[in-house]
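Here's the letter readout for the chains.
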Amino acid sequence: MLIQDFRYALRMLRKDPAFTVVVAISIALGIAANTTVFSMVNATMLASLPVREPAGLYSFSNGRTFSYPDYRDYREGCSEVFDGMAAHFPLAPASLRGPDQAERVWGQLVTGNYFSLIGVPMALGRGIAPAEDQAPDRDAVVVLGNGLWRRRFAADPEVLGRTIHLNGKPFSVIGVAAPGFHGATRGVYSEFWAPLSMNAQFVPELAKHPDSRSAHWLMFSARLKPGVGREQAVAAMNAVNSRIHDAYRKDRPLDPVTLTPAGGLPGGFSLKAFMALLMVVVGLVLLVACANVANLLLARAVTRRQEMSVRAAIGAGRPRLIRQLLTESLVLSGIGAAGGFALAWLATKGLSSCRLPLPMPIAFDFTPDYRVLCFTAALAVAAGVLFGFAPAVAASRADLVSGLKKAEAGLGVFRRFGLRNLLIGFQVMLSIVLLIGAGLFLRSLQSASNIDLGIRADNVLLMAVDPKTNGYSDERFREFLRQAQARIGALPGVESASVVDLLPLSLAQSTLTFRDAAAEAGKETSADIFSVDARYFETTGIPLLRGRDFSPRRDIKSAAAIVNRTMARRLFGDQDPIGRRIRSSDGEYEIIGVAGDSKSVTLGEEVKACIYQYLPRTPDKIIAMFGMTILVKTAGRPERFLLPVRREIESLDRNLAVFNVDTMANHVSKAFLLPRLCATLFGLFGAIGLALACVGLYGMVSYSVRSRTREIGIRMALGARPLRIAGAVLAQALAIVMGGIAFGLGIAFGLSRFTASLLYGISATDAITFAGVPLALLGAALVAVMVPARRASAVEPMTALRFE
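Everything quoted here is computed from the prediction, not taken from an experiment. (Residues numbered from 1 in each chain as written. Predicted model: local features only at pLDDT ≥ 70, side-chain atom pairs only at ≥ 80, totals over all residues. Heavy atoms only, no water.)

1. A closer look at the overall build of the protein chain
Quick reminder of the rule: Strands are runs of DSSP state E lasting at least two residues, helices are runs of H or I lasting at least four, and both sets are numbered from the N terminus onward. For the exposure calls, accessible area comes from a 1.4 Å probe over protein chains only, and a residue counts as buried if that area is under 20% of its type's maximum, exposed if over 50%, partly exposed in between. What makes two residues a contact is simply this: any of their non-hydrogen atoms within 4.5 Å. Only the protein chains shown count as cover for residues, and all accessible areas are computed by the Shrake-Rupley method using a 1.4 Å probe.
Scanning the protein chain for helices and strands turns up 24 helices and 21 strands. On the principal axes, the C-alpha backbone points of the protein chain span a range of 100 × 65 × 55 Å. When each of the 804 residues of the protein chain is scored for burial, the buried share is 54%. When contacts within the protein chain are restricted to residue pairs at least 6 apart in sequence, those whose partners lie at least 24 apart make up 83%. Summed over its atoms, the accessible surface of the protein chain is roughly 35,000 Å², and 59% of this surface lies on carbon and sulfur atoms.

2. Notes on the nonpolar core
Where we set the bar: Only buried residues count toward a nonpolar core, which is a set of Ala, Val, Leu, Ile, Met, Phe, Trp, Tyr and Cys residues joined through side-chain atoms within 4.5 Å.
Ranked by internal contacts, the top residues of the largest apolar core, which has 65 residues, are Leu-278, Phe-682, Phe-685, Leu-697 and Val-701. Taken together, the elements giving at least two residues each to this core come down to α2 (17-46), α8 (269-303), α13 (419-449), α20 (673-707), α21 (709-717), α22 (722-751) and α23 (767-793). Ranked by the residues each element gives to this core, the list is headed by α20, at 13 residues. When sequence neighbours within four positions are dropped, the list of residues in contact with Phe-682 reads Phe-274, Leu-277, Leu-278, Val-281, Leu-434, Gly-437, Ala-438 and Phe-441. By size, the runner-up hydrophobic cluster in this structure holds 49 residues, among which are Cys-78, Phe-153, Val-159 and Ile-164.

3. What about a nonpolar patch on the surface?
As a reminder, the rule being used: To count toward a patch, a residue needs a relative accessible area above 30% and no salt bridge. Like charges then connect within 9 Å, nonpolar side chains (Val, Leu, Ile, Met, Phe, Trp, Tyr) within 5 Å. Just to be clear on terms, a salt bridge is a Lys or Arg side-chain nitrogen sitting within 4 Å of an Asp or Glu carboxyl oxygen.
Nonpolar side chains collect at one region of the surface, where Leu-330, Val-381, Val-385 and Phe-389 lie side by side and expose about 330 Å² of accessible area between them. For the nonpolar patch, the leading source of residues is helix α11 (residues 370-395), giving three residues. Position of Val-381 relative to the elements: it lies in helix α11.

4. Side note on the packing of helix α14 (residues 474-489) against helix α18 (residues 642-652)
Put simply, the rule is: All axes here are fitted lines through C-alpha atoms, helices being fitted over the stretch that makes contact, and every angle between N-to-C directions spans 0 to 180 degrees. The handedness criterion is simple: a crossing whose near helix is rotated anticlockwise from the far helix by less than a right angle is left-handed, and one whose near helix is rotated clockwise is right-handed. Each residue receives one of three labels: charged for Asp, Glu, Lys and Arg, nonpolar for Ala, Val, Leu, Ile, Met, Phe, Trp, Tyr, Cys and Pro, and polar for the others, Gly being one of them.
It is the contact of α14 with α18, at a shortest axis distance of 10 Å, that shows an interaxial angle of 150°. The handedness of the crossing between α14 and α18 comes out as right-handed. Facing α14, whose interface residues are Phe-480, Gln-483, Ala-484, Arg-487 and Ile-488, α18 presents Val-645, Glu-648, Ile-649, Ser-651 and Leu-652. Class assignment of the residues belonging to the contact of α14 with α18 gives a composition of six nonpolar, two polar and two charged.

5. Topic: α18
Going by this rule: Directions drawn from the helix axis to the C-beta atoms are what define this arc.
All of the buried residues in α18 are Val-645, Arg-646, Ile-649 and Glu-650. Burial along α18 is one-sided: seen end-on, the buried residues are contained in an arc of 135°. Looking at α18, the residues exposed on the side facing more than 90 degrees away from the buried face are Leu-643 and Arg-647. Looking at the packing, one finds that the buried side of α18 touches β11 (460-465), α14, β20 (628-634) and β21 (659-663).

6. A few points about the pattern of salt bridges
Using the criterion set out here, one finds 28 salt bridges in the structure. With a closest N to O distance of 3.0 Å, Arg-548 and Asp-555 form a salt bridge. Since its relative accessible area comes to 23%, Arg-548 is described here as partly exposed. Judged by its relative accessible area of 1%, Asp-555 is buried. Here Arg-646 and Glu-650 are joined by a salt bridge, their closest N and O atoms 3.4 Å apart. Here Glu-650 and Arg-646 lie together in helix α18, a separation of four residues that amounts to about one turn. Here Arg-646 matches Glu-650 in class, with each residue buried. Among the charged side chains, a network of salt bridges with common partners joins Glu-103, Arg-151, Arg-152 and Glu-191.

7. Let's talk about α23
Applicable threshold: Here the expected span of a helix is defined as 1.5 Å times the quantity of residues minus one. What we call the bend at a residue is the angle made by axes fitted to the seven residues finishing there and the seven residues starting there.
Here α23 spans 38 Å end to end across 27 residues, near enough to the 39 Å set by a 1.5 Å rise per residue. The principal kink in α23, of about 35°, is found at Met-786, preceding the proline Pro-788 by one to four residues. Those residues of α23 lying buried are Thr-769, Phe-770, Val-773, Pro-774, Leu-777, Ala-781, Ala-784, Val-785, Pro-788, Ala-789, Ala-792 and Ser-793.

8. Things to note about the environment of Leu-49
Position of Leu-49 among the secondary structure elements: in the loop between α2 and β1 (57-61). Given a relative accessible area of 10%, Leu-49 falls into the buried group. With 113 residues separating them along the chain, Leu-49 and Arg-162 place their C-alpha atoms 28 Å apart. When near neighbours in sequence (up to four residues on either side) are disregarded, Leu-49 contacts Pro-54, Leu-57, Gly-183, Ala-184, Ala-262 and Gly-263.

9. Some remarks on the packing of aromatic side chains
As a reminder, the rule being used: Stacked, edge-to-face and tilted labels apply to pairs of Phe, Tyr and Trp rings (six-membered ring for Trp) whose centres lie within 6.5 Å, assigned for plane angles under 30 degrees, over 60, and everything in between, in that order. For a Lys NZ or an Arg CZ to count as sitting over a ring, it must be within 6 Å of the ring centre and within 35 degrees of the ring normal.
All told, the structure shown has 25 aromatic pairs when counted by the stated rule. Considering the side-chain rings of Phe-66 and Phe-220, the 4.6 Å spacing of their centres and the 20° angle between planes classify their relative orientation as stacked. Pair noted here: Phe-66 is in the loop between β1 and α3 (68-77) and Phe-220 is in strand β9 (residues 219-224), with a separation of 154 residues, a long-range link. Across the pair, exposure class does not vary: Phe-66 and Phe-220 are buried alike. Summarising the aromatic geometry, the rings of Phe-749 and Phe-770 are spaced 6.0 Å apart at their centres and angled 75° between planes, so their arrangement reads as edge-to-face. With Phe-749 in helix α22 and Phe-770 in helix α23, this pair connects stretches of sequence that are 21 residues apart. For Phe-749, a relative accessible area of 51% gives the class exposed. Look at Phe-770 and you get buried, because its relative accessible area is 15%. In textbook terms, an aromatic cluster arises when at least three aromatic residues are bridged by ring pairs, as seen for Phe-60, Phe-66, Tyr-68, Tyr-71, Tyr-74, Phe-82 and Phe-220. When the ring centre of Phe-659 is taken as origin, the NZ or CZ atom of Arg-104, which lies over that ring, is 3.9 Å away.

10. Notes on the confidence of the model for the protein chain
Heads up, the condition is: pLDDT measures how confident the predictor is about each residue, on a scale from 0 to 100.
Residues of the protein chain with pLDDT of at least 70 account for 91%, and the chain-wide mean is 84. Mean pLDDT per element in the protein chain: helix α12 (residues 400-404) is the minimum at 51, and strand β5 (residues 141-144) is the maximum at 96. Within the model, the stretch residues 407-417 combines pLDDT values under 50 with 31 contacts to residues more than four positions away or in other chains.

The following block contains the structure:
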């Protein structure tokens, strides 16, 4: 029976290919939007780690990282609830020596039980053993990531036992992880794993105090014992947490520790809020699509009334008719779901290639997996039932006498509260909500593009190096800086060159509190700290308003600093800051210059106080995780200078990896990723909602005019003018639109506050958006209704009277 229904449904859909295509496209767009966003949610929050036994594996979470003494305390204090605990440091940078040039790779430092506890699947060899994490002076071992093994070693199965050099130190390869495993921290793309005891080799900052209680650098994973509940484990963890707090951290608030499934995104609240907002938006898109399709099916039911009457006359019961019509709806939904899944697959490929402006390997693979496929299938069934049930019930109400005579449907535009009219109003209401959101984000992108960054991004080449992880002494570091700048600056076409530790707009910052050193209780301000070399301001285009730039001869031994205008004003008001001294926990500095304000971390930040210190004097301040960025101001396109500059750096040290090669213009463009992504996604969803609403409105009015051809002919035969007929169709259709706009504006106004944190330079109730979007929607609706309205006014009375 079901096979017969399916075959009949296909036959009926082939009879009206235009209708089938329009409906399938409508459903495909709605499902594509939902599948794309669900793929993003799945990749960032839902997908489990690709390990042997993900069940029972958890990560510790309290909003921060932990110290190594904390690890020992939790491991011993929670031994009754956990089968084991492992610790790892998620971001270990390394320079991998190669035959031609060195490469910057990122890995993780792990305890010796990490691989066995987590259950990491191996493609070759084995994981790190506990004995190999006991002392840093023993033979060092490393496990390679599958991607690194394939890229640098051509998937050589004989790689086990081979010696590779990371940061100049030999490591013996003991294993290769299976494909898909990149570590226990979601979003961090790790390409190797080394013993935790090797921390000083990868993060020199830890060499001084790796066992300090105040050195928070580790993340913990644990596996529950059989029969132990999550609540019991959390209670045991917080008992240990309280003891640690009482013994060492009484001056700080107690942060409770929780358990999250392993692989959870750390600090992901803002991301969860963004994903929730996206799910609401694409849900609205699907509802608009379903309402649109339901309206088209209701209109199509007009042309099938005789068919339904005939089937009823020969014995088909109403449940049988509803089942047949629902089968057609599900077939349509299945076709649309297949197209939607294909569109979502393409969209997620593009989204997976997006990169944040970070020096760290943060990446997500949004490619749909089996969860997403199941979600799409369930969504297709739900959509088919949602948009097909009401039309099926309406079409199954067969009046045999009128149906067999092909009487008029009576489902015209002029019925005030018909189901089709309510569906159109519902579509318009949802569309206005989507369009308001799209308008806000498009206006936000426009506002963000007008933000004064305070730097000139044109013709500046960027490339990073990290001498610190390669074991450079302070003196060797200074000599490298001197020679690199001299060689690069001598290249034809290079106007200036400099160095900075933290590149602006990289979402990374180092902050301290400063005050006037001459006043015992002077004003204080928090300031972002940048370590720069001479000519930094000339290279980046940040104006030097007062004083002078750094000088290698004058400032190599003196604690000189340049502050920006905001910091000078906060500490000294209108007084001249040149020659004044400022103090922080890091020491005392003499101000030698005042620079213009510029964005330091993100686009949306308020103007912040910034201080620039002389990098060659304090190379120990450089964070190995980020290295330092060489900036080269060129006379032409910076891409043409990439190879010459790189050759000069490699001539100084071939073992020093060059990474994060970019241009300042492209780097700044990446800082616009969030406003551009929001504008693109919400703009696309808004456009889909608008198109579906207009198609639904056009279809409703067209079918209504078609079903009332005879009535219109009679009206015109009795003296009604064509203009009046067209005006009546327009007025009553637009009345539905106006009602939907009114309700939609109220909903949009209430929901807009949830977008405030994602907007740049505009209010969540932006007047231009809330005034312009309804006018745009009204104009689009007017265009959609004009064609059927003109067709109604062109009806010939005699032709219409012979219509039946």
